[in-house]
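Structural overview
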Amino acid sequence: MAMEKTYDVGAAKYAAKKLLQSCKRGNINDPRLTNYLSTILIFAEDRCLPTLKVRMQRVINCTGTKVKNYSDIFEDIQKIEAQISKASEKKRVMERRYNSACLHYKQELNKSDHSKYQTKLNVYDVIKVPTQGGMHYSIISEVNDDYVTCFPMTTASKNNLDLIGTKSVSLSGCGDSSYKGIRLTASATRVPHDRAIKTYMGSVANNSQICKQLAKVVSFA
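The paragraphs below set out a description of the structure included in this document. For every chain, the first residue of the written sequence is number 1, and numbering continues from 1 onward in sequence order. Totals for whole chains, interfaces and linings use all residues, but because this is a predicted model, local features are given only for residues with pLDDT of at least 70 and pairs of side-chain atoms are given and counted only at 80 or more. Hydrogens are left out, water is left out, and the side-chain values use all remaining heavy atoms of the structure.

Further remarks concern the overall build of the chain. The helix and strand tally for the chain stands at 7 helices and 7 strands. The buried share of the chain, reckoned over its 221 residues, is 41%. For this analysis, residues touch if any pair of their heavy atoms sits within 4.5 Å. Long-range pairs, those at least 24 residues apart, make up 66% of the contacts in the chain between residues at least 6 apart in sequence. Strands here mean DSSP runs of E at least two residues long; helices mean DSSP runs of H or I at least four residues long; both are numbered from the N terminus. The buried label goes to any residue with under 20% of its type's maximum accessible area, the exposed label to any with over 50%, and the partly exposed label to all in between, with areas taken from a 1.4 Å probe on protein chains only.

Running from N to C, helix α2 (residues 34-46) and helix α3 (residues 50-62) point in directions that differ by 155°, and their axes come no closer than 9 Å. Here α3 runs roughly antiparallel to α2, going by the angle between their axes. The way α2 lies across α3 gives a crossing that is left-handed. From α2, L37, I40, L41, F43, A44 and E45 reach across to α3, where they touch L52, K53, M56, V59 and I60. To obtain an axis, a line is fitted to C-alpha atoms, over the contacting stretch when the element is a helix, and the angle between two such axes runs from 0 to 180 degrees between their N-to-C directions. Oblique is the label for every angle not falling under 35 degrees (roughly parallel), over 145 degrees (roughly antiparallel), or within 65 to 115 degrees (roughly perpendicular). For any helix crossing, the convention is left-handed if the near helix is rotated counterclockwise from the far helix by under a right angle, and right-handed if that rotation is clockwise.

Glancing now at the packing of helix α1 (residues 9-24) against α2. Running from N to C, α1 and α2 point in directions that differ by 135°, and their axes come no closer than 9 Å. Taken as axis vectors, α1 and α2 run oblique relative to one another. When the axes of α1 and α2 are compared, the crossing they make is left-handed. On the side of α1, the interface is formed by V9, A11, A12, Y14, A15, A16, K18 and L19, while α2 contributes Y36, L37, T39, I40 and F43.

Another aspect to go through is the side chain of D125. Position of D125 among the secondary structure elements: in strand β1 (residues 125-131). A positive count includes Lys and Arg, and a negative count includes Asp and Glu. His and the chain ends are not counted in either. Salt bridge criterion: a side-chain nitrogen from Lys or Arg within 4 Å of a carboxyl oxygen from Asp or Glu. Of the side chains bearing the opposite charge, K120 lies closest to the buried D125, which forms no salt bridge; the N-O distance is 8.9 Å. Pairing of N or O atoms within 3.5 Å defines a polar contact, subject to two protein rules: one partner must be a possible hydrogen donor and the other a possible acceptor, and residues neighboring in sequence count only if both atoms are side-chain atoms. A distance of 2.7 Å separates a polar atom in the side chain of D125 from the backbone nitrogen of N122. Setting aside chain neighbours within four positions, we find D125 in contact with K120, S138, I139, I140, Y200, G202 and S203.

So, about the packing of aromatic side chains. For this analysis, a ring pair means two rings from Phe, Tyr or Trp (six-membered ring only for Trp) whose centres lie within 6.5 Å, classed as stacked if their planes differ by under 30 degrees, edge-to-face if by over 60, and tilted for the remaining angles. Taken as a whole and assessed by the stated rule, the structure comprises 1 aromatic pair. Look at Y14 and Y36: their rings are 6.1 Å apart centre to centre, the planes differ by 70°, and that puts the pair in the edge-to-face class. Separated by 22 residues along the polypeptide, Y14 in helix α1 and Y36 in helix α2 bring together distant segments of the chain. Y14 sits in the partly exposed class, given a relative accessible area of 46%. Under the relative-accessibility criterion, Y36 is labelled partly exposed at 22%.

Right, let's talk about the nonpolar core for a bit. Within the largest apolar cluster, 23 residues are counted, with the highest numbers of intra-cluster contacts made by I40, I80 and I84. Elements represented by at least two residues in this core include exactly α1, α2, α3 and α4 (71-111). Dropping the residues within four chain positions of it, I80 is found in contact with A16, I40, L52, R55, M56 and V59. Only buried Ala, Val, Leu, Ile, Met, Phe, Trp, Tyr and Cys residues count toward a nonpolar core, and they belong to the same one when joined by side-chain atoms within 4.5 Å. By size, the runner-up hydrophobic cluster in this structure holds 15 residues, among which are F151, Y179, V204 and L214.

Scanning all chains against the criterion turns up 4 salt bridges. The closest approach of N and O atoms between R92 and E89, which form a salt bridge, is 2.6 Å. Of this pair, R92 and E89 both sit in helix α4, separated by 3 residues, roughly a single helical turn. Take R92: its relative accessible area is 43%, and that puts it in the partly exposed class. Residue classification places E89 among the partly exposed positions, given a relative accessible area of 37%. Between K158 and D162 there is a salt bridge whose closest N-O contact spans 2.8 Å. Of the two residues, K158 and D162 both sit in helix α5 (residues 158-163), 4 residues apart, roughly one turn of that helix. Here K158 falls in the partly exposed class, since its relative accessible area comes to 42%.

If you want it as structure tokens, here you go:
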């Protein structure tokens, strides 16, 4: 079976830039723009970005026609380019934060008091480890001898997570007010078991709502 096409934010940003340049030149009917339009639309569908999809559809509806006034379509294309540029910048910032978190994590492990370590990790335990965007409290979904798999919690909004292509579920309403405004993301992270055990923070095993939400993000990953 053929694989479906997907495009990362870099490809979408390049396509949006070319689209905006062509519109500024009044050359929106150039047949070479078809690939750029397709790239952005697939990106919007893949990231589940409805506003971007609506704007793209308006632009597509205007291409290939004898458009005399580009003011309306130009505004849409400007907003398309701005939204994708925002996604690109967020990705860059998150990569930088992740690299910084990895360095901090290594330093903290070297300073840790070995006498306080857990002797065993379990599913639903919470650890604090480097993940997408920095250091995050993360819930363990799988424990092996060599590594654990965990999913990070974040205060980022659903819209911002959607923008960078990260699926998530809300932990608000789980019966614990400390999780209000917190989302559990599908950015699965694998951490060596001997490191993860040194950053144990607690467990959510007794919270059935959080356990159900963890099962959801596991299915997304």
